[in-house]
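Letter by letter, the chains look like this.
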Amino acid sequence: MHNGGIDLPGVFDDEHLPLERLTTDLTWQYDKQGFIKVQAPNIHLSNQDLQGSAGVVWQNYPLGSTASGQPNTPGWLDVQATLQQALPQRVYRYLPKALSKTARDYVRLSILGGTIRNATIRVRGHLNHIPDPQPGGIFRFDVPLHQAHYRFLPKELQHAGDLPWPDLTHLD
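To keep things clear, this report deals only with the structure shown in the data block. Bear in mind that the values here come from a model prediction, so they are computed numbers and not experimental data.

Helix and strand counts for the chain come out as one helix and 10 strands. Going from the N terminus to the C terminus, the chain shows its helices and strands as β-β-β-β-β-β-α-β-β-β-β. Overall size of the chain, expressed as C-alpha extent along the three principal axes, is 65 × 35 × 25 Å. In the chain, buried positions account for 28% of the 172 residues. When contacts within the chain are restricted to residue pairs at least 6 apart in sequence, long-range pairs at least 24 apart make up 51% of them. Here the chain has roughly 10,900 Å² of accessible surface; of this, 57% comes from carbon and sulfur atoms. Positive and negative side-chain charges in the chain, numbering 15 and 16 respectively, have mean positions lying 3 Å apart.

Overall, the coordinates contain four aromatic pairs when judged by the stated rule. Aromatic side chains Tyr150 and Phe152 sit 5.0 Å apart centroid to centroid with 80 degrees between the ring planes, which places their arrangement in the edge-to-face category. Residue class for Tyr150 comes out partly exposed when judged on its relative accessible area of 22%. One aromatic cluster in this structure is built from Tyr150, Phe152 and Trp165.

Let us look at empty space enclosed by the protein. Applying the stated criterion across every chain yields a total of one cavity of 30 Å³ or more. Size it by volume and the largest cavity reaches roughly 40 Å³. Lining the largest cavity are Phe12, Asp14, His16, Leu17, Arg93 and Tyr94. Split into classes, the residues belonging to the lining of the largest cavity amount to three nonpolar, one polar and two charged.

Bringing a nonpolar patch on the surface into the picture now. On the surface, Phe139, Phe141, Val143 and Leu145 cluster together into a nonpolar patch covering about 340 Å² of accessible area. Secondary-structure assignment places Val143 in the loop between β8 (138–142) and β9 (145–150). On the basis of relative accessible area, Val143 is assigned to the partly exposed category, the value being 36%.

It is worth spelling out the side chain of Ser53 at this point. Of note, Ser53 is situated in strand β5 (residues 50–59). If near-sequence neighbours (up to four positions away) are discounted, Ser53 is found in contact with Ile43, His44, Gln80, Ala81, Thr82 and Gln84.

Residues of helix α1 (residues 101–110) that are buried: Arg104, Val107, Leu109 and Ser110. The inward-facing, buried residues of α1 abut β7 (111–126) and β9.

What follows covers the pairing of strand β2 (residues 16–23). As paired elements, strand β1 (residues 2–7) and β2 share five bridges and run antiparallel to each other. Note that in β2 the partner of Asp7 across the bridge is His16. Pairing of β2 with strand β4 (residues 36–46), which is carried by three bridges, proceeds in the antiparallel orientation. Its bridge partner being in β4, Thr23 is matched across the sheet by His44.

Next up on the list: the nonpolar core. One finds Ile43, Val79, Ala81, Leu83, Ala86 and Ile121 to be the most contacted residues of the largest nonpolar core, which totals 16 residues. Sorting the residues of this core by element identifies β2, β4, β5, β6 (76–86) and β7 as the ones contributing at least two each. Among all residues touching Ile121, those that are not within four sequence positions of it are Val79, Gln80, Ala81, Leu83, Arg140 and Phe141.

What counts, and where the lines are drawn
Residues numbered from 1 in each chain as written. Predicted model: local features only at pLDDT ≥ 70, side-chain atom pairs only at ≥ 80, totals over all residues. Heavy atoms only, no water. Helix = DSSP H or I, 4+ residues; strand = E, 2+ residues; numbered from the N terminus. Buried < 20%, exposed > 50% of the residue type's maximum accessible area, 1.4 Å probe, protein only. Contact = heavy atoms within 4.5 Å. Areas by Shrake-Rupley, 256 points an atom, 1.4 Å probe, with all protein chains shown as cover. Lys, Arg positive; Asp, Glu negative; His and termini not counted. Charge placed at Lys NZ, Arg CZ, Asp CG, Glu CD. Phe/Tyr/Trp six-rings, centres within 6.5 Å; stacked < 30°, edge-to-face > 60°. 1 Å grid on protein atoms, 1.4 Å probe; cavity = no way out; pocket = protein on both sides within 12 Å on 5 of 7 lines; lining within 4 Å. Points joined across faces, edges and corners; volume = space filled by probe spheres on them. Nonpolar A, V, L, I, M, F, W, Y, C, P; charged D, E, K, R; others polar. Patch = residues over 30% accessible without salt bridge, like charges linked within 9 Å, V, L, I, M, F, W, Y side chains within 5 Å. Salt bridge = Lys/Arg side-chain N within 4 Å of Asp/Glu carboxyl O. Pairing = 2+ DSSP bridges. Core = buried A, V, L, I, M, F, W, Y, C linked by side-chain atoms within 4.5 Å.

Next up, the structure:
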């Protein structure tokens, strides 16, 4: 895909994810019992906020199955991703709605600049339990920041009349 986008209703605050480029290989399996497995081992994407690559595997549990310990779960996910470059002040756009609005707003208001280079993301486990710890589950983000600008307590979250906190700038 070139100069397009993906609609992800209910996932992010901005449901349309614009993409300058997206390429991938995609395979899927389906059987009579309702088992579905989707693999995208070579995802490459870029837009105004980031440039990265990933490998993703998702599989469901057939209707009524208790393979995950719970019937009718949204499945199991395995993601390995690298962000070669990204803008930290735009990270809030990629935080899922499952994360509290308070947390998403804090990230939006507190991370004001810099560059992310060679970040790695690893998420694996049952979707009902991510990001909570689980046997065999992984939820890890390693995000090197360069020349970052961070505001501990954004003005919008302060009480009227409180003195402002100093920003941290040029963080490496």
